Amino acid sequence: MKLQYFGTAAAEGIPALYCECELCQTARRKGGKDIRTRSQSLVDEQLLIDFPGDTYAHYLQYGFDLSNIGHLLVTHSHSDHFYAEDLVLRLSGYVPKVSQTLNVYGNQRVYDFMKRVFDLEGYWEEERVKFHLMTPFQTVAIMDYQVTPLAADHDQRETCLLYGISDGKKQMLYAHDTGEFPEETWSFLEETRPYYDFVSIDCNHQADDSPRNHQGFPNNLKTRERLLALGIVDHKTQFVCNHFSHNSKLTHQEMLDLVSPYGFDVAYDGLIKEF
């Protein structure tokens, strides 16, 4: 399997809108891996994860064929993960022809946001954009993948989701946005015992401890230890920290210096991981 990160920041981006902090000034000056757009990734060039307002910029930057992607997994409704307004541009009033339906998978609040923007537009063509409600712990077949949504600890107003994705040979866990996993997720993992070759894990708070809503690296270590204890990962599993806030103050290199001694890598916009 292959995962490409398009955006690796939290909602504000790095450098953040309206911010003059030292990290944002450093990012503007240095550029490169310290420039971070909002959260989005692509599995095997065909399964998109999240749809922020930066999707158009990612489409231009990385040249992926957005018109031919038929499946979009949405973790939750926050705008750095789901900007439903841009889905309107897939309708016939904007694009005369599309080659396939875009299937959007997410929670009830994601549906509500979609319905709102299509209601404002005045029409919704489901042959162009179709919604599928995802329920935690119920595996869904999408193309040749088995996709299992897991419960996250993030926004208590909605059912935020993590995603386990398997192609039958390899399996990954995409764990954004979340604090330390809810006990219901741990119970499911203990019962089903998947093996993850790759784990992308929320590290919004970087060096700081943060057990709720988002994780920091101390929580990443605790999460890995618990996964190891269950036999769900092992020393061959790749772990990548992702989804960073400028408020946590570390540059890409500083973050890499923090986590690499423990065998973790650090995502940056454009990073490709194969496993």
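Residues numbered from 1 in each chain as written. Predicted model: local features only at pLDDT ≥ 70, side-chain atom pairs only at ≥ 80, totals over all residues. Heavy atoms only, no water.

S.K.: Before we go on, may I ask you to explain the layout of surface pockets in this structure?
M.R.: Over the atoms, a rolled probe matching the size of one water molecule traces out where space is still vacant. By volume, the largest pocket is sized at about 400 Å³. Forming the walls of the largest pocket are 16 residues, and the residues nearest its centre are Leu-66, Ser-67, Asp-86, Leu-89 and Arg-90. The element best represented in the lining of the largest pocket is helix H2 (residues 55-62), accounting for 3 residues. Residues belonging to the lining of the largest pocket are distributed by class as follows: 9 nonpolar, 3 polar and 4 charged. Counted as a void, the second largest pocket has a volume near 170 Å³. For the second largest pocket, the lining is made up of 15 residues, of which Ala-10, Ala-11, Glu-12, Asn-204 and His-214 are closest to its centre. Taken together, the residues that form the lining of the second largest pocket break down as 2 nonpolar, 10 polar and 3 charged. (1 Å grid on protein atoms, 1.4 Å probe; cavity = no way out; pocket = protein on both sides within 12 Å on 5 of 7 lines; lining within 4 Å. Points joined across faces, edges and corners; volume = space filled by probe spheres on them. Helix = DSSP H or I, 4+ residues; strand = E, 2+ residues; numbered from the N terminus. Nonpolar A, V, L, I, M, F, W, Y, C, P; charged D, E, K, R; others polar.)

S.K.: I keep staring at the packing of aromatic side chains and nothing clicks. Help me out?
M.R.: Ring pairs (aromatic) are described by centroid distance and by the angle formed between their planes. Enumeration according to the criterion identifies 13 aromatic pairs in this entry. Relative to Tyr-59, the ring of Tyr-56 lies with its centre 6.2 Å away and its plane at 40°, an arrangement referred to as tilted. Linking Tyr-56 with Tyr-59, this pair stays in helix H2, spanning 3 residues, or about one helical turn. Under the relative-accessibility criterion, Tyr-59 is labelled partly exposed at 35%. When the centroid spacing of 5.0 Å and the interplanar angle of 85° are considered together, the rings of Phe-217 and Phe-264 count as edge-to-face. (Phe/Tyr/Trp six-rings, centres within 6.5 Å; stacked < 30°, edge-to-face > 60°. Buried < 20%, exposed > 50% of the residue type's maximum accessible area, 1.4 Å probe, protein only.)

S.K.: Would you mind going over the sheet that holds strand E14 (residues 272-274) with me for this structure?
M.R.: Whenever strands of a sheet pair, they do so through backbone hydrogen bonds, lying parallel or antiparallel. Strand order across the open sheet formed by 7 strands is E6-E5-E4-E3-E2-E1-E14, with mixed pairing between neighbours. Each edge of the open sheet carries a strand with a single partner, namely strand E6 (129-133) and E14. Strand-to-strand twist in this sheet, taken as the mean axis angle between neighbours without regard to direction, amounts to 20°. Direction of pairing for strand E2 (residues 40-43) relative to strand E3 (residues 47-49): antiparallel, over a ladder of 3 bridges. Each residue of the ladder has a partner; that of Val-43, found in E3, is Leu-47. Seen against the sheet, H2 touches strand E1 (2-7) and E2 and runs at an angle of roughly 120° to E1. Lying on the sheet, helix H3 (residues 108-121) is in contact with strand E5 (102-106) and E6; it crosses E6 at an angle near 155°. (Pairing = 2+ DSSP bridges. Axes fitted to C-alpha atoms, helices over the stretch in contact; angles between N-to-C directions. Contact = heavy atoms within 4.5 Å.)

S.K.: Got a minute to help me understand the pattern of salt bridges in this structure?
M.R.: A side chain of one charge can pair with a side chain of the opposite charge if their charged atoms are brought near each other. Applying the stated rule across the entire model yields 13 salt bridges. Note that Glu-180 and Lys-222 form a salt bridge whose closest N and O atoms lie 3.1 Å from each other. Of the two residues, Glu-180 is situated in the loop between strand E10 (171-175) and helix H4 (183-192) and Lys-222 in helix H5 (residues 217-230); the sequence distance between them amounts to 42 residues. Residue classification places Lys-222 among the partly exposed positions, given a relative accessible area of 48%. (Salt bridge = Lys/Arg side-chain N within 4 Å of Asp/Glu carboxyl O.)

S.K.: I would appreciate a short explanation of the sheet that holds strand E13 (residues 264-266) in the present structure.
M.R.: Here we have 7 strands laid out as an open sheet, ordered E7-E8-E9-E10-E11-E12-E13, and mixed in their pairing. Single-partner strands in this sheet number two, and they are strand E7 (140-142) and E13. Each neighbouring strand pair of the sheet contributes to a mean axis angle of 25°, computed without reference to strand direction. Packed onto the sheet, helix H6 (residues 252-259) meets strand E12 (238-242) and E13 and runs at close to 175° relative to E13.

S.K.: Please clarify how H5 should be interpreted in this entry.
M.R.: In an α-helix there are 3.6 residues to a turn, and that puts residues three or four apart on one side. Look at H5: 20 Å from first C-alpha to last across 14 residues, which is about the 20 Å you get at 1.5 Å a residue. Within H5, the full set of buried residues consists of Phe-217, Asn-219, Asn-220, Thr-223, Arg-224, Leu-227 and Leu-230. Projection of H5 onto a plane perpendicular to its axis shows the buried side chains occupying an angular sector of 150°, all on one side. Summarising the contacts, the buried residues of H5 are in contact with H4, strand E11 (198-202), E12, H6 and E13. Trailing H5 by a residue or two, Gly-231 shows a phi angle of about 75°, which is positive. (Expected span 1.5 Å × (residues − 1). Arc of directions from axis to C-beta.)

S.K.: For this particular structure, what's the right way to read the side chain of Ser-166?
M.R.: Within the secondary structure, Ser-166 is located in strand E9 (residues 161-166). Of the residues examined, Ser-166 reaches a relative accessible area of 13% and is grouped as buried. A distance of 3.1 Å separates a polar side-chain atom of Ser-166 from the backbone nitrogen of Gly-168. Excluding its chain neighbours within four sequence positions, the residues that come into contact with Ser-166 are Asp-144, Tyr-145, Gln-146 and Gln-171. (Polar contact = N/O pair within 3.5 Å; in protein donor to acceptor, adjacent residues only side chain to side chain.)

S.K.: I would appreciate a short explanation of helix H1 (residues 22-30) in the present structure.
M.R.: Along H1, the residues that are buried comprise Leu-23, Cys-24, Thr-26 and Ala-27. Along the axis of H1, the buried positions cluster into a sector of 160°, meaning they face one direction only. For H1, exposure combined with an orientation more than 90 degrees from the buried face picks out Glu-22 and Arg-29. One or two positions beyond H1, positive phi appears at Gly-31, with a value near 65°.

This is a description of form; function is not addressed.
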